[in-house]
Amino acid sequence: SYTCSSFMKRRRSSVPEDFKRFILSERKQEHILHERKRRLYNRFFHKSLFYRSSLAVRLGYVVMFVIVFCLYNTTHSTRLERYVQCESRSFRGQKSTTDIVHIQTNYDEYRVSNDFRNCSRFKPGDILIVERNLFGKPIHFTQDEWDMTYGIYKNYVYYYMLLFATALTFFFHDGLDFFTTKLLYLFYAVDLISMVAFFIT
């Protein structure tokens, strides 16, 4: 009876092991089929007009940013503008006070770099020479009798943040992933709008 009970015990214990192996085999097969489906779908997805357009726009934004970063301070043209007013505003921080100077001309209002602080240098009707870069953005200003130019400040923090976020999107290329497709749609639109906005504003 001992031999019979031992046999039955071994037989009962062998069934769960077989079942476990069966389940693991089925799961492995499902995973293989799912990965094959993913590869086949993504092969089609990466050739789709949407993905290629999104990729082109995102690459275009990165290339544009690099070109603008390298050539931004290159003077391309100058324009004579008539001085209207100069205003210095002080902002108190926790440790220091920052003076921000804004100059208004008959064309536009500019925030100038921190190395210019003296609004008393201007007289009503003064003519300023405003330098513009290759992209039509104002970058410096001066006057005929001055021996140096001063920078015009533009806040491009948004573009830096968008560059970093756009770079991260190149790691997302799974068309079966819902989050990936929504992300690509979002950056397709945001990058395109940002490139257009940079040149028209």
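Asks: Quick one: what's the story with the overall build of the protein, residue by residue and with numbers?
Replies: Counting secondary structure elements, the protein contains 4 helices and 6 strands. Taken from the N to the C terminus, the helices and strands of the protein come in the order α-α-β-β-β-β-β-β-α-α. Classification of the 201 residues of the protein by burial places 31% in the buried group. Considering only intrachain contacts with a sequence separation of at least 6, the fraction spanning at least 24 residues in the protein is 59%. For the protein, the computed accessible surface area is about 14,200 Å², with 60% contributed by carbon and sulfur atoms.

Asks: Now, about helix H4 (residues 178–200): what can you tell me, with residues and values included?
Replies: In a regular helix each residue adds 1.5 Å, so 23 residues correspond to 33 Å; H4 covers 34 Å between its end C-alpha atoms and thus fits that length. Buried within H4 are the following residues: Thr180, Thr181, Leu183, Leu184, Phe187, Asp191, Ser194, Met195 and Phe198.

Asks: Account for the packing of aromatic side chains, naming residues and giving values.
Replies: Two measures describe an aromatic ring pair: the distance that separates the ring centres and the angle between the ring planes. With the rule as written, the count across this model stands at 24 aromatic pairs. A ring pair is formed by tyrosine 158 and tyrosine 159, whose centres lie 5.3 Å apart and whose planes are at 80°; its orientation type is edge-to-face. Relative accessible area serves as the criterion here: at 12%, tyrosine 159 is assigned to the buried category. Through a chain of ring-to-ring contacts, the aromatic side chains of Tyr72, Phe135, Tyr156, Tyr158, Tyr159, Phe198 and Phe199 assemble into a single cluster. Over the face of the ring belonging to tyrosine 107 we find arginine 79, whose NZ or CZ atom lies 3.9 Å from the ring centre. Against the face of phenylalanine 198 rests lysine 137, its NZ or CZ located 4.8 Å from the ring centre.

Asks: So what about the state of the cysteines? Which residues, and what values?
Replies: For the coordinates displayed, the defined rule picks out 1 disulfide. Note that cysteine 86 is cross-linked by a disulfide to cysteine 119, the S-S spacing being 2.0 Å. With the S-S dihedral at roughly -55°, the linkage between cysteine 86 and cysteine 119 falls on the left-handed side. On the criterion of sequence distance, the pair formed by cysteine 86 in strand S1 (residues 75–92) and cysteine 119 in the loop between strand S3 (109–112) and strand S4 (127–133) is long-range, its members being 33 residues apart. Its relative accessible area of 17% is what places cysteine 86 among the buried residues.

Asks: Before we move on, could you go through helix H2 (residues 49–71) and cite the residues and values that matter?
Replies: Under the 1.5 Å per step criterion, the end-to-end length of H2 is 32 Å for 23 residues, consistent within 8% with the ideal 33 Å. When H2 is considered as a whole, its buried residues turn out to be Phe50, Tyr51, Ser53, Ser54, Val57, Arg58, Tyr61, Met64, Phe65 and Val68.

Cut-offs and rules
- Residues numbered from 1 in each chain as written.
- Predicted model: local features only at pLDDT ≥ 70, side-chain atom pairs only at ≥ 80, totals over all residues.
- Heavy atoms only, no water.
- Helix = DSSP H or I, 4+ residues; strand = E, 2+ residues; numbered from the N terminus.
- Buried < 20%, exposed > 50% of the residue type's maximum accessible area, 1.4 Å probe, protein only.
- Contact = heavy atoms within 4.5 Å.
- Areas by Shrake-Rupley, 256 points an atom, 1.4 Å probe, with all protein chains shown as cover.
- Expected span 1.5 Å × (residues − 1).
- Phe/Tyr/Trp six-rings, centres within 6.5 Å; stacked < 30°, edge-to-face > 60°.
- Lys NZ or Arg CZ within 6 Å of the ring centre and 35° of its normal.
- Disulfide = S-S within 2.5 Å.

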